[in-house]
Amino acid sequence: MNRKLLNKTGTRLLGLIAFIATGGGLIISTAINEENFYKTEILIILGGFFAISLADHFKKLIERDEGDEDQ
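What counts and how
- Residues numbered from 1 in each chain as written.
- Predicted model: local features only at pLDDT ≥ 70, side-chain atom pairs only at ≥ 80, totals over all residues.
- Heavy atoms only, no water.
- Phe/Tyr/Trp six-rings, centres within 6.5 Å; stacked < 30°, edge-to-face > 60°.
- Helix = DSSP H or I, 4+ residues; strand = E, 2+ residues; numbered from the N terminus.
- Buried < 20%, exposed > 50% of the residue type's maximum accessible area, 1.4 Å probe, protein only.
- Salt bridge = Lys/Arg side-chain N within 4 Å of Asp/Glu carboxyl O.

Before going further, it helps to spend a moment on the packing of aromatic side chains. All told, the structure shown has two aromatic pairs when counted by the stated rule. Where Phe 19 meets Phe 50, the ring centres are 5.5 Å apart and the plane angle is 45°; that geometry is what we call tilted. Of the two residues, Phe 19 sits in helix α1 (residues 8–33) while Phe 50 sits in helix α2 (residues 37–70), which places them 31 residues apart along the sequence. Residue class for Phe 19 comes out partly exposed when judged on its relative accessible area of 46%.

In structure tokens, the structure reads:
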């Protein structure tokens, strides 16, 4: 009985979720605790770039998985 607990897609999505939770948590925590308004603005802008990179990474992940299923 040689069964895998998670397949490739599940493992990759779990890693992506961990990345999102870590980065998002740090951004939110810093934005809440920061007293300087300008630093918070910069952090929100960087958070937007973070979200764009996550969307791009997720799109590449889905394309890679679709390519693996075809073979």
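Here we take up the pattern of salt bridges. What the rule picks out here adds up to one salt bridge. For Lys 60, the salt bridge identified is with Asp 56, shortest N-O distance 3.7 Å. Placement of the pair is Lys 60 and Asp 56 together in helix α2, with a separation of four residues, close to one helical turn. Judged by relative accessible area, which is 47%, Lys 60 ranks as partly exposed.

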